[in-house]
Amino acid sequence: MDRTVRPLVLTWLALMALLATTAACALLRLGWLNTAISLAVALAKALLVAFVFMRLKRAPALLRLAAVAGAVTLALLFGLALTDYTTRTALKAPWQQPATVAPRLGSR
């Protein structure tokens with residue numbers, strides 16, 4: 001195999017294995033672990049694509065800076081969303097038995 005093609009083929013195989021892992025994780029009932037595994041697999045896929053296909057390791061400094069700025073922005077958005085989720089109180093919605101609600105016919 002050619003020296004320039006081999007890393008691309010290996011990366012493709014790794015991405016296919018990670019895809020199979022994602023599909024298997026979706027079929028298993030692991031509770032909160034499904035989310036953690038899926039996020040870890042997504043991060044691995046993104047890093048593979050960024051370093052191998054986008055060639056960020058040998059990219060100019062400005063392109064690497066733009067990639068880092070995007071990653072920092074994404075981390076900030078995830079952090080703010082997580083903060084909102086963890087500090088929100090659960091409000092119970094009022095609920096009635098369906099049989100006790102009188103049907104309203106017509107409009108008033």
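Going by the structure above, here's the rest.
These notes cover the structure that comes with them. (Residues numbered from 1 in each chain as written. Predicted model: local features only at pLDDT ≥ 70, side-chain atom pairs only at ≥ 80, totals over all residues. Heavy atoms only, no water.)

**With respect to the overall build of the protein**
1) Next: Per the secondary structure count, the protein includes three helices and zero strands.
2) Next: Taken from N to C terminus, the helices and strands of the protein fall in the order α-α-α.
3) Next: Its C-alpha atoms give the protein a radius of gyration of 24 Å, more than 25% over the compact-globule value 13 Å for 108 residues.
4) Next: Principal axes of the C-alpha set define a box for the protein whose edges measure 75 × 35 × 30 Å.
5) Next: When each of the 108 residues of the protein is scored for burial, the buried share is 8%.
6) Next: Per element, the accessible surface of the protein, about 9700 Å² overall, is 70% carbon and sulfur. (Helix = DSSP H or I, 4+ residues; strand = E, 2+ residues; numbered from the N terminus. Rg over C-alpha atoms; globule rule 2.2 N^0.38 Å. Buried < 20%, exposed > 50% of the residue type's maximum accessible area, 1.4 Å probe, protein only. Areas by Shrake-Rupley, 256 points an atom, 1.4 Å probe, with all protein chains shown as cover.)

**Side note on the pattern of salt bridges**
1) Next: The final tally for this structure, using the stated rule, is one salt bridge.
2) Next: Its salt-bridge partner being Arg88, residue Asp84 comes within 2.8 Å of it at the nearest N-O pair.
3) Next: On the basis of relative accessibility, which here comes to 38%, the residue Asp84 falls in the partly exposed class. (Salt bridge = Lys/Arg side-chain N within 4 Å of Asp/Glu carboxyl O.)

**Topic: helix α1 (residues 6–27)**
1) Next: The end-to-end C-alpha distance of α1, which contains 22 residues, comes to 32 Å, matching closely the 32 Å that a straight helix rising 1.5 Å per residue would cover.
2) Next: If you check which residues of α1 are buried, you get Thr11, Leu15, Leu18 and Cys25. What you see down the axis of α1 is that its buried residues fit within an arc of 80°, all on one side. In α1, the exposed residues that point more than 90 degrees away from the buried face are Arg6 and Leu27.
3) Next: The elements touched by buried residues of α1 are α2 (32–53). (Expected span 1.5 Å × (residues − 1). Arc of directions from axis to C-beta. Contact = heavy atoms within 4.5 Å.)

**Observations concerning the side chain of Asn34**
1) Next: With respect to the secondary-structure elements, Asn34 resides in helix α2.
2) Next: A distance of 3.0 Å separates a polar side-chain atom of Asn34 from the backbone oxygen of Leu28.
3) Next: For Asn34, the contacting residues outside a window of four places in its chain are Cys25, Leu28 and Arg29. (Polar contact = N/O pair within 3.5 Å; in protein donor to acceptor, adjacent residues only side chain to side chain.)

**Focus on unusual backbone geometry**
1) Next: Residues other than glycine seldom take positive phi values, yet Arg55 does so here, at roughly 55°.
2) Next: Mapping Arg55 onto the fold places it in the loop between α2 and α3 (61–87).

**Digging into the side chain of Thr11**
1) Next: Within the fold, Thr11 resides in helix α1.
2) Next: For Thr11, the residues in contact, after removing those within four places along its chain, are Leu48, Val52 and Phe53.

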